[in-house]
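Listed here are the chains, written in short residue letters.
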There are 2 protein chains.
Amino acid sequence: MTRVCVAGAGSIGSLLAAHLARVAEVWVLTRRAEHARALETEGLRISGRADFTARLHATADAAALPDVDLAILACKGTDLEPLAARLEGRLPGATVMTVQNGLGAEEIVAAHGDWPLLSAVTFMSGTRHGDTHVEYVLDTATWIGPYRGTTEDDAWAVADLVASSGLKAEAFADLRPAQWSKLIFNATVNAVAALTELPHDFHFAARERLSDLGHLVRDLMDEGKAVAAAAGVELHDDPWEMNVLATQRGHRHYPSMLEDVEARRPTELELINGSLVREAQRVGVAVPLQTAIYRLVKAKEASYS
Amino acid sequence: MTRVCVAGAGSIGSLLAAHLARVAEVWVLTRRAEHARALETEGLRISGRADFTARLHATADAAALPDVDLAILACKGTDLEPLAARLEGRLPGATVMTVQNGLGAEEIVAAHGDWPLLSAVTFMSGTRHGDTHVEYVLDTATWIGPYRGTTEDDAWAVADLVASSGLKAEAFADLRPAQWSKLIFNATVNAVAALTELPHDFHFAARERLSDLGHLVRDLMDEGKAVAAAAGVELHDDPWEMNVLATQRGHRHYPSMLEDVEARRPTELELINGSLVREAQRVGVAVPLQTAIYRLVKAKEASYS
């Protein structure tokens, strides 16, 4: 049986761990010991689009992990560096897969070990109701691609495993087109939500009056698309169409960056907006509006103290 | 003795009313009857940079006002239209002076009567501690200019009256250079504070790192200066220098628009940022960043409901 470590048990990590536990031996690496104890004793309950309780192993001590075939690093981007450091020198047989938002997660992990690496982006979402209960909200796919020392076949092997567990997954020879579509979408929608305190709703697509927010959202996405084009990336999906479709669902989604600023937590700003702005500088494309929202959210974080 | 009506008893109206009551017969027009009763019975206390309690008349009933020589409309911009409507057909002997932020206050009042009109902008500030107590915080000047059916001499007569009461005031033949300096300053500082929840502090002038907010503040002010130039207005003060000076004071000023969004109240966005963006359209100057913050604050107001 395949053995999998899911490191990070927020909503995405928990959704992956619980589902994978149906088809693999799963070890969850948590930050807090009581979280691991609760998972070991109570299991991990999924509600919403699925309804079951998974039995799995959990520990907060990286040294207690057995070697695994696959390690999925599913923490927030802001927690990735310390998490990768905890795994340094461990899991010699593992292929490691990142699923963070933004750009640069793979490089952070690569600096801590020579594991074969896979990249992933996920479009599914969940709501964490506690240490042992996550609601499965959006059942959209996770996309996987090779990064270092891996092939498209390796990506398909993991995608097939994830799909066999009941989640949606697909593999690609090159993940960058999907990664960039999501980057531009997230840089825009997350930051605008964080600044306005609006969930991702109809305002983001409204373009009737001069004051309507959709004009700004579209202009921000156009800047992002110009950067992708200059970087030689042909987008998998048009971020504006993703935005219009998402706002038509009628579901008021709260982007994580909005939840972060409301809880006065550090946001994923640097991996998302910072990456986009720095990449724009590198390829010589002016992104005045993306730079503006990057600086505004940075200042919002400064307002916590 | 000169008779003055101060309509609107927020912090600015209260500071003007209490000081003017030392040199004139003052009638305060309030919105709430209990506010007027409290002012009539307790007087109006000023602390901070001055320390006294003024005795004055107050009423919430515009019909109860005697005719006056001067009426100062000192409410917030969002309250000006209904306030001017309450005075329609009244105070036939009055010169009426507006002191709102932004542009367009005079036109709103002009539509409700043919009084001679003066324009004013004020740089003083106060903190309202209750209906009958206002702290005088910044003792900067109020600037007055002619608008309709008035001359620079009329402006000086009011400036001299205000100065004789203990506040700082000056008159100008043309108020637009000062009004526009304050417009560009407020459009930028108020909106950025409202979006970031930072008070007007050192972050607004910081320009060391790519992510620093001062870059954005300066770019926003440059856009405003381009609009003023295209509109034929030579600014009285450079808004960026105003910004740097204010942030060096070491005093953490909370712009009114930040207080408004924290209390989930309507802001003065339309009179300030809306005026600037529409004026830019009129004179054909592109202001993408000012337009962006205008749309973001508009969306923030939409998040209240």
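Residues numbered from 1 in each chain as written. Chains lettered and ligands numbered in written order. Predicted model: local features only at pLDDT ≥ 70, side-chain atom pairs only at ≥ 80, totals over all residues. Heavy atoms only, no water.

### Some remarks on the interface of chain B and chain A
The interface is formed by 28 residues belonging to chain B together with 28 residues belonging to chain A. Across the chain B to chain A interface the summed buried area is about 2,400 Å²; carbon plus sulfur atoms make up 69%. If you sort the residues of chain B by the area they bury against chain A, Leu-210, Arg-295 and Leu-296 of chain B come out on top, with a joint share of 28%. At the junction of chain B with chain A, the criterion picks out two salt bridges. (Contact = heavy atoms within 4.5 Å. Buried area = accessible area lost by both parts, 1.4 Å probe. Salt bridge = Lys/Arg side-chain N within 4 Å of Asp/Glu carboxyl O.)

### Here's the deal with the side chain of His-133 of chain A
All names here are of chain A. Counting through the fold element by element, His-133 comes out in strand β10 (residues 133–138). The exposure class assigned to His-133 is buried, which follows from its relative accessible area of 17%. In this structure, His-133 is in contact with Leu-44, Arg-45, Ser-47, Thr-127 and Arg-128, ignoring residues within four places of it in sequence. (Helix = DSSP H or I, 4+ residues; strand = E, 2+ residues; numbered from the N terminus. Buried < 20%, exposed > 50% of the residue type's maximum accessible area, 1.4 Å probe, protein only.)

### Re the packing of helix α7 (residues 213–230) of chain B against helix α11 (residues 288–302) of chain B
Residue and element names in this part refer to chain B. For the pair α7 and α11, the least separation of the axes is 8 Å and the interaxial angle reads 110°. If you check the angle between α7 and α11, you find them roughly perpendicular. Every residue of α11 that contacts α7 at Leu-216, Asp-219, Leu-220, Met-221 and Glu-223 is listed here: Pro-288, Leu-289, Gln-290 and Ile-293. Residues of the contact of α7 with α11, tallied by class, amount to six nonpolar, one polar and two charged. (Axes fitted to C-alpha atoms, helices over the stretch in contact; angles between N-to-C directions. Parallel < 35°, antiparallel > 145°, perpendicular 65-115°, else oblique. Nonpolar A, V, L, I, M, F, W, Y, C, P; charged D, E, K, R; others polar.)

### Some thoughts on the pairing of strand β11 (residues 142–148) of chain B
Residue and element names in this part refer to chain B. Here strand β8 (residues 117–122) runs beside β11; their pairing, made up of six bridges, is antiparallel. Bridge pairing in β11 links Ala-120 to Ile-144. In the classification by handedness, the crossover that spans β11, the intervening helix α5 (residues 152–164) and the parallel strand β12 (residues 169–171) is right-handed. (Pairing = 2+ DSSP bridges. Right-handed = clockwise from strand over helix to strand, strands pointing away.)

### Observations concerning the packing of aromatic side chains
A full pass over the atoms with the stated rule returns four aromatic pairs over all chains. Among the aromatic side chains, those forming a connected cluster through ring pairs are Phe-123, Trp-143 and Phe-172 of chain A. When the ring centre of Phe-52 of chain A is taken as origin, the NZ or CZ atom of Arg-22 of chain A, which lies over that ring, is 3.7 Å away. The ring of Phe-123 of chain B carries the charged tip of Lys-182 of chain B above its face, separated from the ring centre by 5.4 Å. (Phe/Tyr/Trp six-rings, centres within 6.5 Å; stacked < 30°, edge-to-face > 60°. Lys NZ or Arg CZ within 6 Å of the ring centre and 35° of its normal.)

### Things to note about the nonpolar core
With 92 residues, the main nonpolar core has Trp-180, Leu-213 and Leu-296 of chain A together with Trp-180, Leu-213 and Leu-296 of chain B as its most contacted residues. Ranked by the residues each element gives to this core, the list is headed by helix α6 (residues 176–196) of chain B, at twelve residues. The residues touching Leu-296 of chain A, leaving out its near neighbours within four places in the chain, are Leu-195 of chain A together with Val-192, Leu-195, Thr-196, Leu-213, Leu-216, Ile-293 and Leu-296 of chain B. (Core = buried A, V, L, I, M, F, W, Y, C linked by side-chain atoms within 4.5 Å.)

### Some details on the confidence of the model for chain A
Predicted coordinates in regions of low pLDDT should not be interpreted in detail. Looking at chain A as a whole, its pLDDT mean stands at 96, while 99% of the residues score no less than 70. Of the two predicted TM-score estimates for the complex, the pTM is 0.89 and the ipTM is 0.88. (pLDDT = per-residue confidence, 0-100.)

### Some words on the domain arrangement of chain A
Residues and elements named next belong to chain A. Considered domain by domain, chain A is made up of domain 1 (3–171) and domain 2 (176–302). Relative placement of domain 1 and domain 2: their C-alpha centres are 25 Å apart. Domain 1 puts 17 residues into the contact, and the matching count from domain 2 is 18 residues. Approximately 1,600 Å² of surface area, both sides summed, lies buried where domain 1 meets domain 2, with 62% of it carried by carbon and sulfur atoms. When residues of domain 1 are sorted by the area they lose upon contact with domain 2, Lys-76, Asn-101 and Leu-103 head the list and together hold 40% of the total. Counting across the interface, domain 1 meets domain 2 through one salt bridge. A salt bridge links Lys-76 to Asp-260; its shortest N-O distance comes to 2.6 Å. (Domains from an automatic or database assignment.)

### What to know about the sheet that holds strand β5 (residues 57–59) of chain B
All names here are of chain B. Reading across from one edge, β5-β2-β1-β6-β7-β8-β11-β12 is the order of the eight strands in this open sheet, with mixed pairing throughout. Only two strands of the sheet have a single partner each, and these edge strands are β5 and β12. For this sheet the average axis-to-axis angle between neighbouring strands, irrespective of direction, equals 25°. The pairing of strand β1 (residues 3–7) with strand β6 (residues 70–73) spans four bridges and is classified as parallel. In the sheet register, Val-6 faces β6, and the bridge partner there is Ile-72. α5 contacts β1, β6, β7 (95–98), β8, β11 and β12 of the sheet and is inclined by roughly 170° relative to β12.

### Description of the environment of Ala-71 of chain B
Residue and element names in this part refer to chain B. On the secondary structure map, Ala-71 appears in strand β6. Residue class for Ala-71 comes out buried when judged on its relative accessible area of 0%. It is 8.8 Å that separates the C-alpha atoms of Ala-71 and Arg-3, two residues lying 68 residues apart in sequence. Here Ala-71 is in contact with Cys-5, Leu-91, Ala-94, Thr-95, Val-96 and Met-97, once residues within four sequence places are set aside.

### Some details on the pattern of salt bridges
Taken as a whole, this structure holds 30 salt bridges over all chains when the rule is applied. Residue Glu-25 of chain B pairs with Arg-3 of chain B through a salt bridge whose shortest N-O separation is 3.0 Å. Remark: Arg-3 of chain B occurs in strand β1 and Glu-25 of chain B occurs in strand β2 (residues 25–29); sequence separation between them is 22 residues. The partly exposed category is assigned to Glu-25 of chain B, whose relative accessible area is 25%. Each of the salt bridges in this network shares a partner with another, and the network as a whole consists of Arg-32, Glu-34, Arg-128 and Asp-131 of chain A.

### Some remarks on the relation of the copies chain B and chain A
With an RMSD of 0.0 Å, the operation that places chain B on chain A is a rotation of 180° combined with a shift of 0.0 Å along the axis. The relationship between the two copies is best expressed as a two-fold rotation axis. No C-alpha of chain B approaches the rotation axis more nearly than that of Leu-195 of chain B, which lies at 2.8 Å. Both copies share a contact surface, since 100% of the interface residues of chain B are interface residues in chain A too. (Least-squares fit on C-alpha atoms with pLDDT ≥ 70 in both.)

### Digging into the sheet that holds strand β4 (residues 52–54) of chain A
All names here are of chain A. Taken in spatial order, the four strands make up an open sheet running β4-β3-β10-β9, and their pairing is mixed. Each edge of the sheet is formed by a strand with only one pairing partner; in this case those strands are β4 and β9 (125–130). On average, adjacent strands in this sheet sit at an angle of 25° to one another, irrespective of strand direction. Sheet strands in contact with helix α1 (residues 11–20) are β3 (44–48), β4, β9 and β10, and its direction is about 105° off that of β3.

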